[in-house]
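One letter stands for each residue in the lines below.
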Amino acid sequence: MAIRILVPMDDSPNAFRTIDFIASTFKPDCDITLFSVLPDTAALCEMNSPELTPYFVSQQANFCQLEIKKRELVTEALNRAKNALRDAGFDPFRIQIKINPKKEGVARDIVKEAAKGYQVIVMGRRGLSGVQQFLMGSVSQKVLNSVRDISVVIAN
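Every value quoted in this text rests on a predicted model; they were computed, and no experiment measured them.

Student: Mind showing me how you'd approach the overall build of the protein chain here?
Tutor: If you tally the helices and strands in the protein chain, you get 6 helices and 5 strands. Going from the N terminus to the C terminus, the protein chain shows its helices and strands as β-α-β-α-α-β-α-β-α-α-β. Across the 156 residues of the protein chain, 35% fall into the buried class. Nonlocal contacts in the protein chain, meaning residues at least 24 apart in sequence, comprise 77% of its contacts between residues at least 6 apart. A total accessible area of about 9,500 Å² is found for the protein chain, and carbon and sulfur atoms account for 55% of it.

Student: Is there a simple way to think about the environment of Asp87 in this case?
Tutor: One can find Asp87 in helix α3 (residues 54-87). Judged by its relative accessible area of 61%, Asp87 is exposed. Placed 64 residues apart in sequence, Asp87 and Ala23 show a C-alpha to C-alpha distance of 9.3 Å.

Student: Any chance you could explain the nonpolar core here in plain terms?
Tutor: In summary, soluble globular proteins display a tendency toward joint burial of nonpolar side chains. Formed by 22 residues in total, the largest nonpolar core has its most connected members in Met9, Ile32 and Leu34. Elements with a minimum of two residues in this core: β1 (4-8), α1 (13-25), β2 (31-38), α3, β3 (95-101) and β4 (120-124). Among the elements that take part in this core, α3 stands out by supplying 5 residues, more than any other. Not counting chain neighbours up to four residues away, the residues in contact with Leu34 comprise Val7, Met9, Ile19, Leu78, Ala81, Lys82, Leu85, Ile95, Gln96, Ile97 and Lys98. Within the second largest apolar cluster, 14 residues are counted, among which are Val37, Ala114, Ile121 and Val152.

Student: Looking at this structure, I do not really get the pairing of β4. What am I missing?
Tutor: Here is the key point about a regular strand: its side chains alternate between the two faces of the sheet. In terms of burial, β4 is a largely internal element, 5 of the 5 residues being buried. Of the two faces of β4, the one carrying Val120, Val122 and Gly124 and the one carrying Ile121 and Met123 are both buried. Strand direction decides the pairing type here: β1 and β4, joined by 2 bridges, are parallel. Bridge pairing in β4 links Ile5 to Val120.

Student: Just checking my understanding: could you explain the packing of helix α4 (residues 106-114) against helix α6 (residues 139-146) for this structure?
Tutor: Axis angle and axis distance: for two packed helices, these are the angle between their axes and the distance between the axes, and together they describe the pair. It is at 9 Å that the axes of α4 and α6 come closest, and there the two elements cross at 45°. What the angle tells us is that α4 and α6 run oblique. In this structure, α4 crosses over α6, and the sense of that crossing is right-handed. Residue-level inspection shows Val106, Ala107, Ile110 and Val111 of α4 in contact with α6, the latter providing Val139, Lys142, Val143 and Ser146. Considering only residue class, the contact of α4 with α6 consists of 6 nonpolar, 1 polar and 1 charged.

Conventions adopted
- Residues numbered from 1 in each chain as written.
- Predicted model: local features only at pLDDT ≥ 70, side-chain atom pairs only at ≥ 80, totals over all residues.
- Heavy atoms only, no water.
- Helix = DSSP H or I, 4+ residues; strand = E, 2+ residues; numbered from the N terminus.
- Buried < 20%, exposed > 50% of the residue type's maximum accessible area, 1.4 Å probe, protein only.
- Contact = heavy atoms within 4.5 Å.
- Areas by Shrake-Rupley, 256 points an atom, 1.4 Å probe, with all protein chains shown as cover.
- Core = buried A, V, L, I, M, F, W, Y, C linked by side-chain atoms within 4.5 Å.
- Pairing = 2+ DSSP bridges.
- Axes fitted to C-alpha atoms, helices over the stretch in contact; angles between N-to-C directions.
- Parallel < 35°, antiparallel > 145°, perpendicular 65-115°, else oblique.
- Left-handed = near helix turned anticlockwise from the far one by under 90°.
- Nonpolar A, V, L, I, M, F, W, Y, C, P; charged D, E, K, R; others polar.

Shown next, in the form of C-alpha cells:
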C-alpha cells in the first residue's frame, strides 16, 4: 500500500522547497495531495447591504478581482508543483490537487483533511518573527500541535 501524503501549500517559494524535499526524500510510488485552503470570499463579493460602508462598496469589485487572482496564482502554483514532482519521477496520476474554501481556519481545515486517511503531512514553515509567532503562531505549528496519529514533517 502506498503512503498517502498531504502537502498543504500556497504560492510561496517556501512551499516549493517542500516539493523539493518530497522529491528528494520519498519514493515516487506515493499518493500525494497538493492542498490549499483559500478564504471563502464569494459571500463578500455578492454582499449588498445598507450597512456596508461606501468605501467597501466602491472597492468591492477590486477586492473580488484580487480574490480571483489569488485563486489563479494558487492553482498555477499547485500545477507547477505537480509538474515538478512528475519531472522527479512521481506518477502524475497519483498526484491530486485540492483547493478548498476556508471553513474553520487554515490549520483546522488542514487537520480535517489529514484525517481522511493520510499517513504523512509534509509542509513548510513560515518565517514569522519571534513576536508574530508568539502572538499568533504559525499554521505549521498549529497543525503540528493539533494533528493526532499522523506524522508531520516540517520542511525548511
